[in-house]
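# Understanding the architecture of this molecule
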Amino acid sequence: MSNRVDLDTLTKFARRKGFVYPGSEIYGGLANTWDYGNLGVLLKQNIKQTWKQHFIYSRTDMKELDAGILMNQRVWEASGHTETFADALVDDKNTKHRFRADHLIEEQLGIDIEGKTGPEITEIIRSNNLKNPLTGKEGDWTEARYMNLMFETNRDKINPQNPDTRIYLRPETAQGIFVQFKNIVQTERAKLPFGVGQIGKAFRNEITPGNFIFRVVEFEQMEIEYFIKPPQNDDGWNTIFEEWLKSQENFLTYKMGFDPENFQHKEHSQEKLSHYSKRTVDLDFNFSFGFSELTGLAYRTDFDLKQHQEHSKQKIEYTDPSNGEKTIPHVIEPTVGMDRLFLAVMTEHYKEEQLENDTRIVLGLPYDLAPYKLAVLPLMKKDGLKEKGEKIFRDLRSQGIMCDYDEAGSIGKRYRRQDENGTPWCMAIDYQTMEDNTVTLRHRDTMEQIRIPHEKLNEYLNQEKYNSLTNK
Ligand code: GAP
C-alpha cells in the first residue's frame, strides 16, 4: 500500500488535469457529486469500450440493452428494494456526525449486524459505549434508524405524497434486464446460455459517501446478467460462475493493466449474502485507503425472474427450442461500478518518478485507455512549423486517431503535460520535418526518441497498441 498515491494527491491531480471536477463548485459544491472533465470523459469512454469489447463483443453469446432509469415502481417491490434496500444510521448528538451503524459496529466490535432491528442495533451501540471514529470520543448516540437508499420523486406535483405516482431513480441497472427478458428472448431468438450487458446510471442515497469517486450518490454500473438453464446440481452453475470470475480477473489484469497483487477475492459468508444470492465473490482492489470492493459476481438463481413473474402476473419463461420444455432460467451476474473502476485505473497507473533534477508525474495507462494516443508538438510557432503541425493534427483527428495538439511553452514542459495526460506518444515537428517529412516520436514510459517517416506513424501506433496488450 505504501507505494500507492494518496487520495488527496490523486483528487487534486484529477482536478488540475480536468479528469474530475467537484460538482456544482461555484455554488459551494454538493457533497459527493463529481463532474468528469474533458480527459475524464475520454478515459471513461475508453474504459467502457474496453469493457464492452472484453465482455460482450469478443463473445458470441452476448446481447446489449439500454434500459431507462425510471421504471414502474412495482419493479422495485418485486426486486425487494422497496422493502430491504436500506442501511441503519445513527447520529452522534454531540457533533451531528452521521454514520452507518453496521460500519461503526463492525469496526469497533467486529460484529456483523445483518438482520438486526433498529432497537437491537441501538442497544449494541449504547451498551458498548461506541466511539465516534472522527473524534475518538464516546458518542451520544441517537436511536438507530433504517433509511431506504433509493432516491424518489413523484409525478403528481399537486399531491406529491400520492403513493400511486411515486417514482424511483433506479438503484441498479440489473432490473432493467430482467424486466425486458421476454422481449430480448423473442427479438434476439436468444438460446440459453446467453447474457445481456448494460452500462448505465444508478443512484443511491448513501449515508456515508466519500473517498473521492469511490462511493457516490450518482454513478454508472456496467452489469451483465448471464442466463443459464436451471442447474441440476451445484456444478451446473459453479463452473460457469468460476469462468466469469476468471474473465473478470483477466479483464483487470490484461485490459486495465492491474498488477494481480493489487486485487483479491472476497467470498461472502452465507450470513452476508444479499437476499437474492446463493454465492457472491467480490474482487477487492488495493485503493489508497486499503483493499475495498471493486467488482461483484453473484449467482442470483431464478430469484429475479420469478419475482417479476409473480408481481407482473406475466409468464416469464424460456422455451427450449429442442424439446419445447419451459423453464425459468437462473442467472449469474458480473458487475462493476464504472466510477470505482475509473478510480482504480487512476490509482494503479499514477506514478511519480524521481529524475535527476525533478519529479516526473506519469499516468502510465495502457494504450487502449489513454485519452489521447498521440500529441502533435511543433518545436516552434514560426517558419511554417505551426501550420504543418496543425495540418497533421487535423488529419489524424479526421482519420479517427484521438490526438492532442500543444504549442505552448518549452518542448520539455509539453512532454511533461502529456505524460500526465497518459499520452503514449508525442510527435515533435521540427525543421527537418519541413525538409524530409520525418518526425520525432518520443515515448511516454521510456522517454526514448526515434525519428521516423511521417507515413510510418500508424505502424508505430498499432505496435504500441499491440505491446500494451501483450506485455502484461
Ligand atoms: N446489480 C448488483 C448490484 O448492484 P452492488 O454490489 O450493489 O450490486 C455493483 O453494486 C457495483 O456497483 C459495486 O461492485 C461497485 O463497484 C458499484 N457501486 C455500488 N455502489 C456504489 C456507489 N455508491 N458509488 C460508486 N459505485 C458503487
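The shown structure was predicted, so the numbers you read here are calculated from the model rather than taken from an experiment.

The rules we used
Residues numbered from 1 in each chain as written. Predicted model: local features only at pLDDT ≥ 70, side-chain atom pairs only at ≥ 80, totals over all residues. Heavy atoms only, no water. Helix = DSSP H or I, 4+ residues; strand = E, 2+ residues; numbered from the N terminus. Contact = heavy atoms within 4.5 Å. Polar contact = N/O pair within 3.5 Å; in protein donor to acceptor, adjacent residues only side chain to side chain. Pairing = 2+ DSSP bridges. Axes fitted to C-alpha atoms, helices over the stretch in contact; angles between N-to-C directions. Salt bridge = Lys/Arg side-chain N within 4 Å of Asp/Glu carboxyl O. Buried < 20%, exposed > 50% of the residue type's maximum accessible area, 1.4 Å probe, protein only. Near = heavy atom within 4 Å. Areas by Shrake-Rupley, 256 points an atom, 1.4 Å probe, with all protein chains shown as cover. Nonpolar A, V, L, I, M, F, W, Y, C, P; charged D, E, K, R; others polar.

### Concerning the environment of K373
Position of K373 among the secondary structure elements: in the loop between strand 18 (359-363) and strand 19 (374-378). Counting along the chain gives 219 residues from K373 to N154, while the straight-line C-alpha distance between them is 46 Å. Those residues within four positions of K373 in sequence are excluded, and the remaining contacts are N46, Y367, D368, M402, T423, P424, W425 and L461. Separated by 3.3 Å, the side chain of K373 and the backbone oxygen of D368 make a polar contact.

### Some details on the sheet that holds strand 16 (residues 330-337)
In a beta sheet, neighbouring strands are held together by backbone hydrogen bonds and run either parallel or antiparallel to one another. Taking strand neighbours across the sheet as the criterion, the seven strands line up as 3-9-10-16-13-12-11 in an open arrangement whose pairing is mixed. The sheet terminates laterally at strand 3 (62-64) and strand 11 (263-267), the two strands that pair on one side only. When strand polarity is set aside, the average angle formed by the axes of neighbouring strands in this sheet is 25°. Examined bridge by bridge, strand 13 (residues 290-301) and strand 16 share six bridges and lie antiparallel to one another. Within strand 16, the residue paired with L297 across the bridge is P334. Against the sheet, helix 2 (residues 38-57) engages strand 3, strand 9 (194-203), strand 10 (218-228) and strand 16, with an angle of about 5° to strand 10.

### Side note on the pattern of salt bridges
In total, this model carries 39 salt bridges according to the counting rule given. When the shortest N-O distance is used, the salt bridge between R300 and E172 registers 3.6 Å. Here the residue R300 occupies a position in strand 13, and E172 occupies one in the loop between strand 8 (166-168) and helix 7 (174-179), the gap between them amounting to 128 residues. For R300, a relative accessible area of 0% puts it in the buried group. Between D302 and K306 there is a salt bridge, with the nearest N and O atoms lying 3.0 Å from each other. Among the ionic contacts, a cluster of salt bridges with common partners joins E172, R300, D304 and E333.

### Considering the site of the ligand
Around the ligand lies a shell of 19 residues, among which E172, E206, E223, E293 and L294 are the nearest. In this structure, a nitrogen atom belonging to the ligand sits 2.8 Å away from a side-chain N or O atom of E206. Note that an oxygen atom of the ligand is positioned 3.0 Å from one of the side-chain N or O atoms of Q221. The protein chains hide 91% of the 550 Å² of surface that the ligand would expose on its own. Residue assignment for the shell around the ligand shows that the elements contributing at least two residues are strand 10, strand 13 and strand 16. Residue composition of the shell around the ligand, by class: six nonpolar, four polar and nine charged.

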